[in-house]
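Chains, contacts and geometry: an overview
Below, each chain spelled out in residue letters.
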Amino acid sequence: MTTESTAAPRFDIAQPEFWRRPLQDRMDDFAAMRAQGPFWDSEIPDTMGMLDGPVPFHAVTTYDEVVEISRKPKQFCSGQGAVAIPDMPAEALEFFGSFINMDDPRHARQRGIVSRAFTPRRLESVLDSVQHICDEVIDDFCEKGEVDLVEAMSAPFPLLVICDMMGIPRSEFKTVFDATNIILGGGDPEFVGDDVMGALFGAGMTLTGLLHEVAEDRRKNPKDDLTTALITADVDEQMMTPEELGPFFILLAVAGNDTTRTAISYAMQFLTEHPEQRRIWQDDLEGVTPTAVEEIVRYASPVVFMRRTATEDVTLAGRDFSAGERFVMFYGAANRDPAHFENPEVFDVRRDPNPHVGFGGPGPHFCLGAHLARRELAVAWRQLLTRLPDLEAAGPPEYLEAAGIPLVGGIKRFPVRFTPTEKVGRA
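Residues numbered from 1 in each chain as written. Predicted model: local features only at pLDDT ≥ 70, side-chain atom pairs only at ≥ 80, totals over all residues. Heavy atoms only, no water.

**A closer look at the packing of helix α6 (residues 120–139) against helix α8 (residues 156–166)**
Think of two packed helices as two axes; the pair is described by the angle between the axes and how far apart they sit. The interhelical angle for the contact between α6 and α8, taken along N-to-C directions, is 135 degrees, at an axis separation of 9 Å. Regarding the angle of α6 to α8, the classification is oblique. Crossing hand, α6 versus α8: right-handed. The residues of α8 that touch α6, namely those facing Val126, Val130, Ile133, Cys134 and Val137, are Pro156, Phe157, Leu160, Val161, Asp164 and Met165. (Axes fitted to C-alpha atoms, helices over the stretch in contact; angles between N-to-C directions. Helix = DSSP H or I, 4+ residues; strand = E, 2+ residues; numbered from the N terminus. Parallel < 35°, antiparallel > 145°, perpendicular 65-115°, else oblique. Left-handed = near helix turned anticlockwise from the far one by under 90°. Contact = heavy atoms within 4.5 Å.)

**Considering empty space enclosed by the protein**
Counted by the stated rule, this structure contains three cavities of 30 Å³ or more. Empty space within the largest cavity amounts to approximately 130 Å³. Looking at the largest cavity, it is lined by 13 residues, and the ones nearest its centre are Leu184, Arg261, Leu400, Gly410 and Ile411. When residues of the lining of the largest cavity are traced back to their parent elements, those giving at least two are α9 (173–184), α13 (242–273) and β11 (411–413). No other element matches α13, which puts three residues into the lining of the largest cavity. In terms of residue class, the lining of the largest cavity is made up of six nonpolar, five polar and two charged. Volume-wise, the second largest cavity comes out at about 100 Å³. In terms of lining residues, the second largest cavity is bounded by 13 residues, among which Leu23, Arg26, Ala300, Ser301 and Val304 are the most central. At four residues, the largest contribution of residues to the lining of the second largest cavity is made by helix α2 (residues 23–35). For the lining of the second largest cavity, the residue count by class is eight nonpolar, four polar and one charged. (1 Å grid on protein atoms, 1.4 Å probe; cavity = no way out; pocket = protein on both sides within 12 Å on 5 of 7 lines; lining within 4 Å. Points joined across faces, edges and corners; volume = space filled by probe spheres on them. Nonpolar A, V, L, I, M, F, W, Y, C, P; charged D, E, K, R; others polar.)

**Here's the deal with the packing of α6 against helix α17 (residues 370–387)**
Relative orientation of the contacting elements α6 and α17 amounts to 35 degrees, with a least axis distance of 10 Å. Here α6 runs over α17; the crossing is right-handed. Judged by residue contacts, Leu123, Val126, Leu127, Asp128, Val130, Gln131, Cys134, Asp135, Ile138 and Asp139 of α6 engage His371, Leu372, Arg375, Glu376, Val379, Ala380, Arg382, Gln383, Leu384 and Arg387 from α17. Its residues assigned to classes, the contact of α6 with α17 comprises 10 nonpolar, three polar and seven charged.

**A look at α6**
In this model α6 runs 29 Å from its N-terminal to its C-terminal C-alpha over 20 residues, within 8% of the 28 Å that 1.5 Å per residue would give. Where α6 bends most, the angle comes to about 25 degrees, and this point is Val130. (Expected span 1.5 Å × (residues − 1). Bend = angle between axes of the 7 residues up to and from the residue.)

**Section: unusual backbone geometry**
The omega angle of the peptide bond from Asp104 to Pro105 is 10 degrees, so this bond is cis rather than trans. Tracing the backbone shows Pro105 in the loop between α4 (90–97) and α5 (106–117). Despite not being glycine, Asn343 shows a phi value in the positive range, around 45 degrees. Note that Asn343 resides in the loop between α16 (331–334) and α17.

**Quick word on the sheet that holds strand β12 (residues 415–417)**
Sheet strands pair via backbone hydrogen bonds, and the direction of the pair is either parallel or antiparallel. The strand order β4-β12-β9 describes an open sheet built from three strands, whose pairing is antiparallel. Edge positions in the sheet fall to β4 (146–148) and β9 (392–393), since each of these pairs with one other strand and no more. Across three bridges, β4 lies against β12 in antiparallel orientation. Counterpart to Glu146 in the pairing with β12 is Arg417. (Pairing = 2+ DSSP bridges.)

Written out as structure tokens, the structure is:
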């Protein structure tokens, strides 16, 4: 086990400066917080006069407490906000978070509709398409020799999988790509400009409008895609209403995209920093890929946080809390808790066991798309290491300029180079 520093963190977790640094610097500060207890009390400052004063919250930094909170949705609810730390109007929460920001029975109803739509046959079809789409994406840049990995691979690959799965025409891919960049940008001025909220709602309306057009067509011309499955139902089964469909697509296009997008980019950084781990993986692609994928998700923890709110007075780790207090679970901190991971700051592609919470803790809000994300990440890096075996960083990664605590802590650009190779071609 590692020994954690008891020094105070160098930056306030609620300040943008905390999140504009490399991942390891942030993890070092989380280690300092974790060493002083499971909860680090902070607050979101009301810098723009829009929050009725500072918003207090408890940063949850330890594995056990993240798991316990996740397992008790009745005591720690999501309906008051899971993807935002300040309280937001219910309409805004559901617009951007769909059933992530809901509690039962509404959460169970919508999650059940989505789960039923993913029949074994449809899920297998999606998983089979991942390989084809990956080759298609690599074909588009494999002859160039030097590209931005995010633009060429990390961003388009998982989003193409989602668009094809939903039946979104390829002609609309750039529309979806631009809108998700805004929402995933964490307030980066390059993507949102000066009007952050206006840009976010505009992007959300673009995605909602697009899916409504697709859904309207599927009502008249059903096809074998997820949109058709969501808006049709067998006898006694429920289906999504038009009002629910748009927010679900925002959730899928963002949450279903971010884990793979961010993990692919961070994997390049980790393999650059740990060449011995790259050699281990590259020497045994089939044997090491399953554990390497889990380690990438643990080490990167692409989803930064989820919030829960106490519905009653509770006691956690020997400390009493009152109803209404906010708990913000930081998955990256939990995934490096030395109480559960041996040498947690070491990147080890053969780590086993690896009980990370990179897809959320146990309970009703565990990521529905975890299996697909694992498949995408496995295929992406197996193909990259096979088709571009000398792929390497051509410069340092550029991180998103977060305006606050981001839901996803991503890499904006990452220059890479490789020996140009031929396309594999596709049907």
